[in-house]
Each structure stands twice: as structure tokens, then as C-alpha cells.
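# Observations on the three-dimensional arrangement
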Amino acid sequence: MTYLLLSLPFVGASLVVFIVGAVQARRRGDLGRYFSAWAVATLVLLVLTAVFDNIMIAAGFFDYREDGISGIRLGLMPIEDFLYPLAGALLLSGVWQLLGATPEKRRSR
């Protein structure tokens, strides 16, 4: 099994939660803020992943089987490594929105 195939169910489930959160954000009138907050968080996670995965691989903490990756690397890390922070950002953004304050609670603050 490849890392891509292993990651796809997690990305898919996270995407569903993210879309449900987007629907709720649209109902609340916060869709623009929802997407921009997700984009910033995702960008930060992707940059941190690129930096620290390359450092950890260079230090010899871990590596990937060549037959388990696509072969496309960014520095030393396989491109599939970006799926984990992407799934995390999608899932956490959706959950955050779904557990967030209602419009009435926000107005009373």
C-alpha cells in the first residue's frame, strides 16, 4: 500500500467535515472568513511540514520506502507528506466551525 492510498480516506473524511462546516459558515454569513482562516492555517502547516520533515529526514530520524511513494520529492520529503497537514487543517477547520458560537452569542459579546 502506498502512502497516497493510505492518506486518501483521511483527506476524504476531512473534506466532508470541512464542507459541512462551510455550509454552516455560509448560513452564518462567515464563509469568507472561514475560507481565509483555513487558507492561512493550511499555508502555515504546509510550510512547517516542509521545513521540519526535511530536517528530520536529513537527520536520519525516518525515511520512506521508494515503492511506497510517488517519487516526487520536495527536498528530501515525498510530496505525499503534505496530505497529513492538509487533512488536519480541513478537519480542524470544519470541527471548529461546527462547534463555534451561534450568531446570537457573537452579537452579545
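Read on for an overview of the structure.

About the criteria used
- Residues numbered from 1 in each chain as written.
- Predicted model: local features only at pLDDT ≥ 70, side-chain atom pairs only at ≥ 80, totals over all residues.
- Heavy atoms only, no water.
- Helix = DSSP H or I, 4+ residues; strand = E, 2+ residues; numbered from the N terminus.
- Expected span 1.5 Å × (residues − 1).
- Buried < 20%, exposed > 50% of the residue type's maximum accessible area, 1.4 Å probe, protein only.
- Contact = heavy atoms within 4.5 Å.

## Structural notes on helix 3 (residues 83-98)
The end-to-end C-alpha distance of helix 3, which contains 16 residues, comes to 22 Å, matching closely the 22 Å that a straight helix rising 1.5 Å per residue would cover. Those residues of helix 3 lying buried are L83, P85, A87, A89, L90, S93, G94 and Q97. Among the structural elements, helix 1 (3-28) and helix 2 (31-58) are those in contact with the buried residues of helix 3.

## Some points on helix 1
Here helix 1 spans 37 Å end to end across 26 residues, near enough to the 38 Å set by a 1.5 Å rise per residue. All of the buried residues in helix 1 are Y3, S7, V11, S14, F18, G21, A22, Q24, A25 and R28.

## Some words on the environment of N54
With respect to the helices, strands and loops of the structure, N54 is situated in helix 2. Between the C-alpha atom of N54 and that of L76, which follows or precedes it by 22 residues, the distance is 5.4 Å.

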